[in-house]
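Residue-level structural notes
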Amino acid sequence: RLQSFVIAACAGTIAVFLSFVIANSISSPIRSMVGAMARVEAGDLSSRFVEVSGDELGALGRSFNRMLGELERDKHEILDLNVGLERKVEERTQRLAESVEKLKELDELKTQFFSNVSHELRTPLTLILGPLESLIAGEMGAVGSEQAALLRTMHLNALRLHKLVSDLLDFSRI
């Protein structure tokens, strides 16, 4: 009996020991994979599952490592694209700023042009309208009916031209 008890105890000890070994051989790769997943979750895409065996857990580990490699490659590709996009945005912003400056310069030139044109046209028109109005009013002597009609036509056209110059000046202020 004692011999049977010793054999049973040894068999039980060996069974417990083997169950721990088998359990550890299964749980150790799983713990290692969980650790790698935690590092990936924290942002470390360079982390890899190193305990790759030939069983199903090994296949899972190889797939996990392949997936991480693809993610890491895609991340670098996206970062490179972002750098390129930022450079393009910067270039286009610079071009827009240059265009805005050119438009400001053109607007200033337009304003100066219209100011000069209106002054150069208004001054002679005023100098024409004054004497015409005096002639029409008879302040410089009597004029014949044909002459008066011609003076009124000249006066009307000078007023129309004066209005066009004023409208042009108003348009330039827009």
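Coordinates for the structure precede this section.
Residues numbered from 1 in each chain as written. Predicted model: local features only at pLDDT ≥ 70, side-chain atom pairs only at ≥ 80, totals over all residues. Heavy atoms only, no water.

**Concerning the pattern of salt bridges**
- Under the criterion given, the structure shown has five salt bridges.
- When the shortest N-O distance is used, the salt bridge between K110 and D107 registers 3.5 Å. One end of the pair, K110, and the other, D107, are both in helix α2 (residues 56-137), three residues apart, so they sit about a helical turn from each other.
- Among the salt bridges present, the one from K163 reaches D167, with a minimum N-O distance of 3.1 Å. Of this pair, K163 and D167 both sit in helix α3 (residues 145-172), separated by four residues, roughly a single helical turn. (Salt bridge = Lys/Arg side-chain N within 4 Å of Asp/Glu carboxyl O. Helix = DSSP H or I, 4+ residues; strand = E, 2+ residues; numbered from the N terminus.)

**Looking at the nonpolar core**
- If you look at the biggest cluster of nonpolar residues, it comprises seven residues: M33, A36, V40, L45, F49, F64 and L68.
- At the level of elements, α1 (2-41) and α2 are the ones that each hand at least two residues to this core.
- For this core, the element with the most residues is α1, which contributes three residues.
- Those residues within four positions of V40 in sequence are excluded, and the remaining contacts are L45, S47, F64 and L68. (Core = buried A, V, L, I, M, F, W, Y, C linked by side-chain atoms within 4.5 Å. Buried < 20%, exposed > 50% of the residue type's maximum accessible area, 1.4 Å probe, protein only. Contact = heavy atoms within 4.5 Å.)

**Overview of the packing of α1 against α2**
- Their axes nearest at 11 Å, the elements α1 and α2 cross at an angle of 15°. One way to sum up the angle between α1 and α2 is to call them roughly parallel. Crossing handedness for the pair α1 and α2: left-handed. Contacts between α1 and α2 involve I26, P29, I30, M33, A36, M37 and V40 from the first element and L57, L60, G61, F64 and L68 from the second.
- Taken together, the residues of the contact of α1 with α2 sort by class into 11 nonpolar, one polar and no charged. (Axes fitted to C-alpha atoms, helices over the stretch in contact; angles between N-to-C directions. Parallel < 35°, antiparallel > 145°, perpendicular 65-115°, else oblique. Left-handed = near helix turned anticlockwise from the far one by under 90°. Nonpolar A, V, L, I, M, F, W, Y, C, P; charged D, E, K, R; others polar.)

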